[in-house]
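# Understanding the architecture of this molecule
Residues per chain, in single letters:
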Amino acid sequence: MAPSQAPLRITELPRWVKEHREVRASEWTQSTVRSKANCAACHAGAERGYYED
C-alpha cells in the first residue's frame, strides 16, 4: 500500500479487516471492549505487540 493510500485508522487496513471479519458486531459494543481500537480487550499481549488469538 502506498503511503498516500494509507487509511487514518488501523481498523481500515486490509489485513486488519481480514483478520477480524469473523468478529460479530455485537462483540465490539460489549462494555469490556467498546471500540475496535481497544486491542487489549481481546489480545492479552497487545501492549507488547503480540496480537495472536
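Our subject in this report is the structure included herewith. (Residues numbered from 1 in each chain as written. Predicted model: local features only at pLDDT ≥ 70, side-chain atom pairs only at ≥ 80, totals over all residues. Heavy atoms only, no water.)

Further remarks concern the state of the cysteines. Per the stated rule, a full pass over the model turns up zero disulfides. Not engaged in a disulfide, the cysteine C39 finds its nearest cysteine sulfur in C42; these two sulfurs lie 8.7 Å apart. Given the relative accessible area of 51%, C42 is considered exposed. (Disulfide = S-S within 2.5 Å. Buried < 20%, exposed > 50% of the residue type's maximum accessible area, 1.4 Å probe, protein only.)

Turning our attention to the side chain of H20. Positionally, H20 belongs in the loop between α1 (14-19) and α2 (25-28). Excluding anything up to four places from it in sequence, H20 contacts W28 and H43. (Helix = DSSP H or I, 4+ residues; strand = E, 2+ residues; numbered from the N terminus. Contact = heavy atoms within 4.5 Å.)

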